[in-house]
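Understanding the architecture of this molecule
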Amino acid sequence: MEEAVLFKVKKGVATITLNRPERYNAVNQDLVDGISDSLKKCESDESIRAIVITGAGRGFCAGADMSVFGDEVTAEQRSQYLIDEYQPLMNQFFSLKKPIIGAINGTAAGVGAAFALACDFRVMSDQSGILYAFVNIGLGPDGGASWLLARQVGYSRALEIATSGEKITGQTCLELGLANRLVEQENILSNAQAWAEDFAIRPTLAFGIAKQDIFFAMDHSLNESIAFESKKQIDAFNSHDLKEGVSAFIEKRKPNFLGK
């Protein structure tokens, strides 16, 4: 049996592939564990300096695999599962101090849409889409999907998307800020990997600091954010990359960042 999540590293870029194409990469426990384990590898391996997440086959992710929950599972148990499994996984996306690019081939639906929006950046095509499918089967958003969407597009637009049950296509995603790049379908993965390779030769430590700063700023005041930034900047002041960046600027050469 093939692994539910594939993991490979090349040129400092880890590519994480959701690998249940026969189920449109629907989320089961193996897939949750596979993503989590892959993100842990990315965190611990200093040679990995950027990450791409994509889906095998025709699409990114169909959302939760309904076969995971049998009739014997209670509503309370299902609810607890979301806290026990999805909450720590989603936190891994934001605690990882390296860029994560979603190569969104096809549709990212349900909790798959949450995975897509948890990436720092998204590359899509006209054939890609974000689908808040929860309402279509009588559910509200879960897995952090409401939090992620509201912060991307604002309350009213987020509520419209969440309650319409309709797919938001790639061009509209680009206009709403849900996609960073719109490319041809066959170029989604290669474009995301090339972008990640560019990140991999840049100052990874500085990227991680910026990611933490912006994540903190979303829920804090200006003064709190300035104080947070000043503390995080200590790591940058003491880093090899800052010294190298300044030296390269003075010497008019390309910097050789080590990500630390």
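For the structure given in this document, a descriptive report is provided here.

Quick notes on the rules
- Per chain, residues are indexed from 1 in the order of the written sequence.
- Given that this is a predicted model, residues contribute local features only at a pLDDT of at least 70 and side-chain atom pairs are listed and counted only at 80 or more, while totals for whole chains, interfaces and linings are drawn from all residues.
- For the side-chain quantities, the full set of heavy atoms in the structure was used; hydrogens and water were omitted.
- Each residue's exposure class comes from its accessible area (1.4 Å probe, protein chains only) as a fraction of the maximum for that residue type: buried when under 20%, exposed when over 50%, partly exposed otherwise.
- Segments assigned H or I by DSSP are reported as helices when at least four residues long, segments assigned E as strands when at least two residues long, and all are numbered from the N terminus.
- By definition, two strands form a pair when at least two bridges between them are found by DSSP.
- Seen with its strands pointing away from the viewer, a crossover is right-handed if its path from the first strand over the helix to the second goes clockwise.
- Any carboxyl oxygen of Asp or Glu that lies within 4 Å of a side-chain nitrogen of Lys or Arg is treated as forming a salt bridge with it.
- Two residues qualify as a contact provided that any one of their heavy atoms is within 4.5 Å of a heavy atom in the partner residue.
- Helix axes are fitted to C-alpha atoms over the stretch in contact, other axes to C-alpha atoms as well, and angles between N-to-C directions run from 0 to 180 degrees.

Turning next to the pairing of strand β3 (residues 50-55). Taking burial as the measure, the 6 residues of β3 include 6 buried ones, the bulk of the element. Residues Ala 50, Val 52 and Thr 54 of β3 are buried on one face, and the alternating residues Ile 51, Ile 53 and Gly 55, pointing to the opposite face, are buried as well. As paired elements, strand β2 (residues 13-18) and β3 share 6 bridges and run parallel to each other. Paired with Leu 18 across the bridge in β3 is Gly 55. In this view, the connection linking β2 to its parallel neighbour β3 by way of helix α1 (residues 29-44) has right-handed handedness. Note that β3 and strand β4 (residues 100-103) share 4 bridges and pair parallel.

This part covers the pattern of salt bridges. Applying the stated criterion across every chain yields a total of 8 salt bridges. With a closest N to O distance of 3.0 Å, Arg 151 and Asp 219 form a salt bridge. In this pair, Arg 151 is assigned in helix α4 (residues 145-153) and Asp 219 in the loop between α8 (204-217) and α9 (222-237), connecting sequence segments 68 residues apart. For Arg 151, a relative accessible area of 39% puts it in the partly exposed group. By relative accessible area, which is 45% here, Asp 219 ends up partly exposed. One salt bridge in this structure joins Asp 198 and Arg 202, with 3.5 Å as the shortest N-O distance. By relative accessible area, Asp 198 is classed as partly exposed at 35%.

This part covers the sheet that holds strand β6 (residues 121-124). Here we have 6 strands laid out as an open sheet, ordered β1-β2-β3-β4-β6-β9, and mixed in their pairing. Bordering the open sheet on either side are β1 (5-10) and β9 (181-182), each of which pairs with just one other strand. The pairing of β1 with β2 spans 6 bridges and is antiparallel. Paired with Val 5 across the two strands is Leu 18, which belongs to β2. Sitting on the sheet, α1 touches β1, β2 and β3, and the angle it makes with β1 is about 20°.

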